[in-house]
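Each chain, letter by letter, is given below.
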Amino acid sequence: MRSRVLPTGIEVLDRKLSGGIPAGSVVAITAPPASQSELLLYELTASRVTLYLSTQRSAEAVTDAIARTSARTGDATVRGIDADAPLDHVNQLIRALPEGSNLIVDPVDVLERESHARYQHFMNTLQTAMVNTGSLAFLHGLDGHAVPGNRDVTAYMADAVFELETRVSGDAIENRLAVPKFRGSNALEETIKLRLAERVEIDTSRDIA
């Protein structure tokens with residue numbers, strides 16, 4: 001039976017993904033640390049009730065950033081994660097996840113630095129929780145100079161992978177989103193050129209060779 005599709009809340013993505021993402025999915029979002037990828041996360045909250053787990057910034061900092069953005073956002077409960085036992089804390093919070101909600105882990109790098117066995121067990125537990133609650137999980141991974149060793153586990157076990165590339169080209173900043181993996185559906189054959197300013201939009205400017 002075909003899974004129910006849930007909109008992400010990001011209009012440009014939902015159009016490209018034929019309405020959204022199947023309920024019960026885990027999505028990995030990788031992006032450079034010096035990018036506007038957080039805007040993607042904030043707009044995800046517009047679609048449904050969201051539990052936003054911040055592993056590095058304080059809950060207050062994330063709540064303030066969501067409130068200050070001019071993008072369309074929604075009802076997000078933000079929790080800071082215990083630095084001494086991050087995986088245990090995240091597992092505890094996931095057990096209370098409401099039906100049909102979003103889970104955002106930002107960034108997932110902290111969890112990826114746990115042992116391979118513990119992290120793999122976490123990913124299996126997460127996938128089960130998403131299926132049981134009909135929810136969506138978004139794991140934000142920083143694609144910087146120190147990528148954790150378990151990043152391959154995240155990419156392999158995730159149902160979909162979104163890769164944001166940000167680069168400076170001449171006097172412009174270019175953002176391109178690729179979806180190289182979409183389990184049970186069609187991955188996008190082309191990248192999406194995005195404008196990440198006040199909100200997530202398609203960049204209609206033409207590329208000049």
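Novice: I'd like a rundown of the nonpolar core, residues and numbers included.
Specialist: Ranked by size, the top nonpolar core spans 35 residues in total, and within it Ile 21, Tyr 52, Phe 138, Phe 162 and Val 200 carry the most contacts. At the level of elements, helix H1 (11-16), strand S3 (26-31), helix H2 (37-44), helix H3 (59-68), strand S7 (136-142), strand S8 (160-169), strand S9 (172-182) and strand S10 (192-196) are the ones that each hand at least two residues to this core. Take this core: its biggest share by element is five residues, from H2. Look past the residues within four positions of Phe 138 in its chain and what remains in contact with it is Ile 21, Val 27, Ile 29, Leu 44, Asn 102, Leu 103, Ile 104 and Val 105. With 23 residues, the next largest nonpolar core counts Val 26, Leu 87, Leu 103 and Tyr 119 among its residues.

Novice: Describe the environment of Asn 91, with residues and values.
Specialist: Inspection of the secondary structure puts Asn 91 in helix H4 (residues 86-94). Taking relative accessible area as the criterion, Asn 91 reaches 17% and is therefore assigned buried. A C-alpha to C-alpha distance of 19 Å links Asn 91 and Asp 159, two positions 68 residues apart in sequence. Those residues within four positions of Asn 91 in sequence are excluded, and the remaining contacts are Phe 122 and Thr 125.

Novice: Pulling in residues and values, what's your account of the packing of H4 against helix H6 (residues 116-133)?
Specialist: A pair of packed helices can be characterised by two numbers: the angle between their axes and the separation between those axes. Following both chains from N to C, one finds H4 and H6 inclined at 10°, their axes separated by 11 Å at the closest point. Relative to H6, the element H4 is oriented roughly parallel. Contacts from Leu 87, Asp 88, Val 90, Asn 91 and Ile 94 of H4 reach H6 at Arg 118, Tyr 119, Phe 122, Thr 125, Leu 126 and Ala 129. Residue composition of the contact of H4 with H6, grouped by class: seven nonpolar, two polar and two charged.

Novice: Give a description of unusual backbone geometry that names residues and reports values.
Specialist: Note that the residue after Asp 106, namely Pro 107, is joined by a cis bond; omega there is -15°. The backbone phi angle of Ser 18 is positive, close to 55°, even though this residue is not glycine. As for its position among the elements, Ser 18 is in the loop between H1 and strand S2 (21-22). The class of Ser 18 is exposed, set by a relative accessible area of 68%.

Novice: Now, about the sheet that holds S10: what can you tell me, with residues and values included?
Specialist: Read from one edge of the open sheet, nine strands run S5-S4-S6-S7-S3-S8-S9-S10-S11, paired in mixed fashion. Bordering the open sheet on either side are strand S5 (76-80) and strand S11 (200-202), each of which pairs with just one other strand. Averaged over all adjacent pairs, the angle separating strand axes in this sheet is 25°, with direction ignored. Lying on the sheet, H2 is in contact with S3, strand S4 (50-54), strand S6 (102-106), S7, S8, S10 and S11; it crosses S6 at an angle near 155°. Sitting on the sheet, H6 is in contact with S3, S6 and S7, with an inclination near 145° to S7.

Novice: If you had to explain the pairing of S8 to someone new, which residues and values would you point to?
Specialist: Looking down a regular strand, the side chains alternate between one sheet face and the other. As paired strands, S3 and S8 are joined by four bridges and run parallel to one another. Note that in S8 the partner of Ala 28 across the bridge is Val 161. Across nine bridges, the pairing between S8 and S9 is antiparallel. For Thr 166, the partnering residue across the bridge sits in S9 and is Asn 175.

Each value, and the rule that gives it
- Sequence order as written defines residue numbering, which begins from 1 separately in each chain.
- Side-chain atom pairs in this predicted model are given and counted only at pLDDT of 80 or more, local residue features only at pLDDT of at least 70, and totals for whole chains, interfaces and linings cover all residues.
- Working from all heavy atoms in the structure, the side-chain values ignore hydrogens and water.
- Joining through side-chain atoms within 4.5 Å is the link that ties buried Ala, Val, Leu, Ile, Met, Phe, Trp, Tyr and Cys residues into a set, and such a set is a nonpolar core.
- Residue exposure (1.4 Å probe, protein chains only): buried if accessible area is under 20% of the type maximum, exposed if over 50%, otherwise partly exposed.
- Only DSSP runs of H or I reaching four residues or more are called helices, and only runs of E reaching two or more are called strands; each is numbered from the N terminus.
- Contacts were defined at the residue level, with two residues in contact if any of their heavy atoms lie within 4.5 Å.
- Only the stretch in contact is used when fitting a helix axis, every axis being a line fitted to C-alpha atoms; angles between N-to-C directions are given from 0 to 180 degrees.
- Just so you know how the angles are binned, under 35 degrees is roughly parallel, over 145 roughly antiparallel, 65 to 115 roughly perpendicular, and the rest oblique.
- Polarity classes work like this: nonpolar for Ala, Val, Leu, Ile, Met, Phe, Trp, Tyr, Cys and Pro, charged for Asp, Glu, Lys and Arg, and polar for all others, with Gly in that last group.
- At least two bridges found by DSSP between two strands is the condition for calling them paired.

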